[in-house]
Amino acid sequence: MTIRVLLADDQALLRSAFKVLVNSEADMQVVGEASDGAEAVRLAKEQAADVVLMDIRMPGTDGLTATRMISADPELAGVRVVMLTTFEVDEYVVQSLRAGASGFLGKGAEPEDLLGAIRIAAAGEALLSPAATKGLIAKFLAQGGGSVSGPAQGQHAERMAALTGREREVLVHVAAGLSNDEIGGRLEVSPLTVKTHVNRAMAKLGARDRAQLVVIAYESGLVRPRVD
């Protein structure tokens, strides 16, 4: 199966470099290029993209707004967004995850890391390392209070109550940035069993993917932000 990739960045030279790299892989293909967020949303639908590499800062409609638009469109439910940042410590990273992005990647990442990120996102996994989850994400959620309030808080609480004890336990480990294999090792169950619990938690919590589970785990208060 070929992963259909859309490149969204206002720098033509960077898009060209990414295009050569992505098209060099047998299992992926660049199906479109966008110079702003609005064009990215349109092309994601027209070209049936699987993964969008989305720059956060673009003129006109920025990447954050475009990601929200993609997440809100039922026709684009299968599209995964990987945010591209100049600096990994970026105030918009958590906003991007809340908007529906599957993760983020620094523009200075190694080629193999970029290709790996595309494959991870296409598989529905979260592109979140344990270090990023415990450090950067926790930091910004802590700055925002670490939880939500009002109707959103009540919605989280209601959905969280629907989880089984094991699903909540798995969710805590997901929020720590652990893979299914790592979680399985800690809980002494198979990775497939972990995947089943993760999928059920996603369905009950209305999460698009694993990255959204991480955000919900923090916002609901199930996991408390730690800033070292």
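K.L.:
How would you sum up the nonpolar core? Please name residues and give values.
P.N.:
Membership of the largest hydrophobic core comes to 22 residues, with the highest contact counts inside it found for Leu-6, Ala-8, Val-52, Met-54, Ile-70, Val-81 and Met-83. Among the elements of the structure, β1 (3-8), β2 (28-34), α2 (37-46), β3 (51-55), α3 (63-72) and β4 (80-85) are those that each provide at least two residues to this core. Leaving out residues up to four positions away in the same chain, Met-83 has contacts with Met-54, Asp-55, Ile-56, Gly-63, Leu-64, Thr-67, Ser-96, Ala-101, Gly-103, Phe-104 and Leu-105. Core analysis: the next-biggest nonpolar cluster, separate from the first, contains 21 residues, Ala-175, Leu-187, Ala-201 and Ala-217 among them.

K.L.:
Describe α2, with residues and values.
P.N.:
Along α2, the residues classified as buried are Gly-37, Ala-40, Val-41, Leu-43 and Ala-44. Along its buried surface, α2 packs onto β1, β2, β3 and α3. With a side-chain oxygen positioned 3.1 Å from the backbone nitrogen of Ala-38, the residue opening α2 is Asp-36. Positive phi appears at Ala-48, one or two residues downstream of α2, with a value of about 50°.

K.L.:
Could you give an account of the packing of helix α10 (residues 191-205) against helix α11 (residues 210-219), with specific residues and numbers?
P.N.:
The interhelical angle for the contact between α10 and α11, taken along N-to-C directions, is 65°, at an axis separation of 10 Å. Here the hand of the crossing between α10 and α11 comes out left-handed. Each of Val-198, Ala-201, Met-202 and Leu-205 in α10 lies in contact with α11, whose residues at this interface are Arg-210, Leu-213 and Ile-216. Of the residues in the contact of α10 with α11, the class split is 6 nonpolar, no polar and 1 charged.

K.L.:
Which residues make up the sheet that holds β4, and what values do they have?
P.N.:
An order of β2-β1-β3-β4-β5 is seen for the 5 strands of this open sheet, with the pairing classed as parallel. Each having just a single partner strand, β2 and β5 (103-106) make up the two edges of the open sheet. When strand polarity is set aside, the average angle formed by the axes of neighbouring strands in this sheet is 25°. Note that β1 and β2 share 6 bridges and pair parallel. The residue of β2 that forms the bridge with Leu-6 is Gly-32. The sheet contacts of helix α5 (residues 111-122) involve β1, β2, β3, β4 and β5, and relative to β3 the element is tilted by about 125°.

K.L.:
Tell me about the side chain of Asp-9, and please be specific about residues and values.
P.N.:
Within the secondary structure layout, Asp-9 lies in the loop between β1 and α1 (12-23). Polar contacts involving the side chain of Asp-9 include one to the main-chain amide nitrogen of Gln-11, which spans 2.8 Å. Not counting the four nearest positions on each side in its chain, Asp-9 is found in contact with Leu-14, Arg-15, Ala-34, Ser-35, Asp-55, Met-58 and Lys-107.

About the thresholds
Note that residues are indexed from 1 along each chain, following the sequence as it is written. For this predicted model, a pLDDT threshold of at least 70 governs which residues receive local features, and a threshold of 80 or more governs which side-chain atom pairs are given and counted, while totals over whole chains, interfaces and linings are taken from all residues. To obtain the side-chain values, all non-hydrogen atoms of the structure were included, while hydrogens and water were left out. Working definition of a nonpolar core: buried Ala, Val, Leu, Ile, Met, Phe, Trp, Tyr and Cys residues. They are joined through side-chain atoms within 4.5 Å. Burial classes: relative accessible area under 20% of the type maximum marks a residue as buried, over 50% as exposed, and values in between as partly exposed (1.4 Å probe, protein chains only). Only DSSP runs of H or I covering at least 4 residues are called helices, and only runs of E covering at least 2 are called strands; the numbering of each starts at the N terminus. Two residues form a contact once any of their heavy atoms are found within 4.5 Å. The term polar contact refers here to a pair of N or O atoms within 3.5 Å; inside protein, the definition further demands a hydrogen-donor-capable atom paired with an acceptor-capable atom, and it admits residues adjacent in sequence only when both atoms are side-chain atoms. Fitted lines through C-alpha atoms give the axes, limited to the stretch in contact for helices. The angle between two N-to-C directions lies from 0 to 180 degrees. Each crossing is labelled by how the near helix is turned from the far one, with a counterclockwise turn of less than a right angle marking it left-handed and a clockwise turn marking it right-handed. Amino acids are sorted into nonpolar (Ala, Val, Leu, Ile, Met, Phe, Trp, Tyr, Cys and Pro), charged (Asp, Glu, Lys and Arg) and polar (every other residue, Gly among them). Two strands are said to pair when DSSP picks up at least two bridges between them.

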